[in-house]
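# Summary of the model geometry
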Amino acid sequence: MSRGVVVVQEALGVTPWLEGVAERFAAEGYATAVPHLFRRIGDPVFEHPHDFPKAREAMATLTADSILEDVDAAIESTGVRHSRVAVVGFCMGGNVALFSGAMRELGAAVSFYGGGVTTSRWEGVPPLVEVAPGLRTPWLGLYGTRDEGIPVEHVDALEAAARLAPVPTRVERYDAGHGFFNDSLADLHVPAAAEAAWPLVLAWLRQNLPE
């Protein structure tokens, strides 16, 4: 395959739903890889919502070095040139996708409702508003206007910061809250937003990953 996608987990871990997203990209012709960012602590998978405190504890064990080590390994495992690989992340993984797109020169990066916009989530990873001007990879951000954890004004600030980058960037907003793309979470999933976001992501990848 000539193009690849690295799919980065939510705080809940590498869930069957996330593996299903990777399968959707594979069905579109992409070589896919799913890094297990919690592998150093046993690779746990958490249930939403009652396990979320444990998920936060697991998330807190990550660092810039561990994130980049795992993302780099996933990129290499696709067997595709870096300029033809996209990193697509959800929730926690959305932060990872933008950070990876600033630290590495890749084909594309996509963040679904990535947090840590104005505050640092991990050692060595600045707030995303500080990271975004240094993007080296075309970046697409997808956010919900009703996301209580990522206020609209934070998304506005991130969009403005990303415009300072020397690569194409775009932010799309949906009438939805956090986690709107995850159809395994009935209380969060917003079908209309998810159905609108998917073709936009595929178009972003086609635009930025050369054949």
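See the structure shown above.
Residues numbered from 1 in each chain as written. Predicted model: local features only at pLDDT ≥ 70, side-chain atom pairs only at ≥ 80, totals over all residues. Heavy atoms only, no water.

### Some remarks on the nonpolar core
Spelled out, the test is: Definition used in this section: a nonpolar core is a set of buried Ala, Val, Leu, Ile, Met, Phe, Trp, Tyr and Cys residues joined via side-chain atoms within 4.5 Å. The cut-offs for exposure are 20% and 50% of the maximum accessible area for each residue type, with area from a 1.4 Å probe on protein chains only; residues under the lower value are buried, those over the upper are exposed, and the others partly exposed. Only DSSP runs of H or I reaching four residues or more are called helices, and only runs of E reaching two or more are called strands; each is numbered from the N terminus. Contacts between residues were defined by any pair of non-hydrogen atoms, one from each residue, lying within 4.5 Å.
Counting residues in hydrophobic clusters, the biggest one holds 82 residues, and the most contacted among them are Phe 25, Phe 90, Phe 112, Leu 142, Phe 180, Phe 181 and Leu 205. Looking at this core element by element, the count peaks at 9 residues for helix α7 (residues 191-208). Residue contacts for Phe 90: discarding those within four places in its chain leaves Val 7, Val 8, Gln 9, Glu 10, Trp 17, Leu 18, Val 21, Phe 112, Tyr 113 and Phe 181.

### So, the pairing of strand β1 (residues 4-8)
What counts, and what does not: Only strands joined by at least two bridges in the DSSP assignment are considered to pair.
In terms of burial, β1 is largely enclosed, as 5 of its 5 residues are buried. Where β1 meets strand β2 (residues 31-33), 3 bridges bridge the pair, whose relative direction is parallel. Bridge pairing links Val 5 to Thr 32 in β2. Where β1 and strand β3 (residues 85-90) come together, 5 bridges link them in parallel fashion. Residue pairing in the sheet places Val 8 in a bridge with Gly 89 of β3.

### What to know about the environment of Gln 207
Note that Gln 207 resides in helix α7. C-alpha separation for the pair Gln 207 and Val 34, spaced 173 residues apart in sequence, amounts to 22 Å.

### What to know about unusual backbone geometry
Note that the residue after His 48, namely Pro 49, is joined by a cis bond; omega there is -5 degrees. Positive phi outside glycine occurs at Asp 43, with the angle close to 55 degrees. Structurally, Asp 43 can be placed in the loop between β2 and α2 (52-59). We classify Asp 43 as partly exposed; its relative accessible area is 27%. Within the chain, Cys 91 stands out as a residue other than glycine whose phi angle is a positive 55 degrees. By the secondary structure assignment, Cys 91 is in the loop between β3 and α4 (92-103).

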